[in-house]
Amino acid sequence: MAEVAINGVRKNYGDLEVIHGIDVSIEDGEFVVLVGPSGCGKSTLLRMIAGLEAITGGTIAIGDRVVNSVPPKDRDIAMVFQSYALYPHMTVEKNMAFSLRLKGVDPSVVAERVGTASEILGLQPYLKRYPRQLSGGQRQRVAMGRALVRDPQVFLFDEPLSNLDAKLRVQMRTEIKELHQRLKTTTVFVTHDQVEAMTMADRIVVMNDGNVEQIGSPLELYDAPQNTFVATFIGSPS
Ligand code: ADP
Ligand code: MG
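Residues numbered from 1 in each chain as written. Chains lettered and ligands numbered in written order. Predicted model: local features only at pLDDT ≥ 70, side-chain atom pairs only at ≥ 80, totals over all residues.

1. What about the sheet that holds strand 1 (residues 4-13)?
Here four strands make up an open sheet; going across it, the order is 2-1-4-5 and the pairing antiparallel. Only two strands of the sheet have a single neighbouring strand rather than two, namely strand 2 (16-26) and strand 5 (65-66). When strand 4 (residues 57-62) meets strand 5, the two strands line up antiparallel, connected through two bridges. Residue pairing in the sheet places Ile-62 in a bridge with Arg-65 of strand 5. (Pairing = 2+ DSSP bridges. Helix = DSSP H or I, 4+ residues; strand = E, 2+ residues; numbered from the N terminus.)

Right, here's the structure in full:
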C-alpha cells in the first residue's frame, strides 16, 4: 500500500482550475521530488497533502487513511518551507521543542528528541543561540530540526534550499539525502530546479500547468523522456 496516495486530485481557486486531476502514488520510505516550472502547481499539491489547502476533487490518503477532511495538526506530517520562519525570541533549543511542548509531550521525551535531532543536524553548539545569531544554513537546519523532532510519517519540503547560496545549497542537498538514508522517512520534496531533482530523488514527478507529465527515476527521465516538455525541462541548464 502506498504511504501517500493521490487520486484524481483537482484544485480550483474560484472558477480557475489549477490542478487538473493528478494521480501519484508514493511508497513507504521513498524520496519523491515534485519538479516543474514556477506556477505549475507544486506548492498547491504539497499544501493539499499537508491539509493547508482544501481539495476540490479526488482523494489524498496518508497511510491507510483518507485525509481530505483531516486538519493539518491531525495529519502525521511535518513541513519545511523556503522561508524558515523561526521564532525570533526563542533559542534554537526552544524553537525545536515548541511544537512538542504545545502537544503536551513529556518534557523528558522532548529533551531526548531535541538532543537526537540536534546531534543529527550538527546543531549542538548552537542550542542556546537565537535565530539572528545564526547563518542561513544553520537557520535552515533549525527549521529541519523542528520537523525532525516530530518524527512524522511524512516529510514535506517546499523549496527549502532556494534562499541559500549555491555552495550551501549543494551541501544541504547531500545533508538532506543523508538524513533520509538514516531515517527512511517518506519524503515529498518540491523544487523548480531539475538538477536538484535529478540528484536527490528516488523518483521524480514532472509537473506542468497543473498536470503530471511523467513519473520516473532520474535515469528513466533522462534516458526516456515521454514528451518534448520533459526532455526540454530535464535537459535545460539550471
Ligand atoms: P508552484 O509552487 O509550482 O510555483 P503554485 O502551486 O504556487 O505553483 O501555483 C499554482 C497556480 O495556482 C498558479 O497559477 C498560481 O498563480 C495559482 N495560485 C496559487 N495560490 C493561489 C491562491 N491562493 N489564489 C489564487 N490562485 C493561486
Ligand atoms: Mg511553489
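2. Notes on the site of ligand 1
Around ligand 1 sit Tyr-13, Val-18, Gly-36, Ser-38, Gly-39, Cys-40, Gly-41, Lys-42, Ser-43 and Thr-44, and those are all the residues in its vicinity. Per element, the largest residue contribution to the shell around ligand 1 is three residues, and it comes from helix 1 (residues 42-50). The class makeup of the residues in the shell around ligand 1 is three nonpolar, six polar and one charged. (Near = placed C-beta within 6 Å. Nonpolar A, V, L, I, M, F, W, Y, C, P; charged D, E, K, R; others polar.)

3. Focus: the sheet that holds strand 6 (residues 77-80)
Strand-to-strand pairing in sheets goes through backbone hydrogen bonds, with the strands running parallel or antiparallel. A sheet is described by the order of its strands in space; here six strands give the open sequence 6-7-8-3-9-10, paired in mixed fashion. Of all strands in the sheet, those with a lone pairing partner are strand 6 and strand 10 (211-216), marking the two edges. Between one strand axis and the next, the sheet turns through 15° on average, direction left out of account. Two elements, strand 6 and strand 7 (residues 154-158), share four bridges in a ladder whose sense is parallel. Opposite Ala-78, over in strand 7, you have Phe-155 as the bridge partner. (Axes fitted to C-alpha atoms, helices over the stretch in contact; angles between N-to-C directions.)

4. Some remarks on unusual backbone geometry
Backbone geometry places Asp-151, a non-glycine residue, at a positive phi of 45°. Here Asp-151 is to be found in the loop between helix 4 (136-148) and strand 7.

5. As for the packing of helix 3 (residues 107-121) against helix 4
Running from N to C, helix 3 and helix 4 cross one another at 140°; their axes reach a closest spacing of 9 Å. Looking at the two axes, helix 3 sits oblique to helix 4. Note that helix 3 runs across helix 4; the crossing there is right-handed. In this structure, helix 3 uses Ala-117, Ser-118, Ile-120 and Leu-121 to contact helix 4, whose residues at the interface are Arg-141, Met-144, Gly-145 and Leu-148. The class makeup of the residues in the contact of helix 3 with helix 4 is five nonpolar, two polar and one charged. (Parallel < 35°, antiparallel > 145°, perpendicular 65-115°, else oblique. Left-handed = near helix turned anticlockwise from the far one by under 90°. Contact = placed C-beta atoms within 7 Å.)

6. Some details on the UniProt feature "domain: ABC transporter" (unreviewed entry) in the protein chain
The positions that UniProt labels "domain: ABC transporter" (unreviewed entry) are, in the present scheme, residues 4-234. Helix makes up 37% of residues 4-234 and strand makes up 26%, while its end C-alpha atoms are separated by 25 Å. (UniProt positions renumbered as here; feature names shortened; annotations may be inferred.)

7. Some details on the environment of Gln-181
Following the sequence through the fold, Gln-181 ends up in helix 5 (residues 166-183). For Gln-181, a count of 9 C-beta atoms within 10 Å translates into the label exposed. (Buried ≥ 20, exposed ≤ 12 C-beta atoms within 10 Å, placed from the backbone.)

8. A closer look at helix 5
Taking 1.5 Å of rise per residue, the 18 residues of helix 5 would be expected to cover 26 Å, and the 26 Å separating its terminal C-alpha atoms lies within 8% of that figure. Once helix 5 ends, the next one or two residues include Lys-184, with phi positive near 60°. (Expected span 1.5 Å × (residues − 1).)

9. Some words on the environment of Met-198
By the secondary structure assignment, Met-198 is in helix 6 (residues 194-200). Overall, the presence of 18 C-beta atoms within 10 Å leaves Met-198 in the partly exposed class. Through-space distance from the C-alpha of Met-198 to that of Val-33 is 8.6 Å; in sequence the pair is 165 residues apart.

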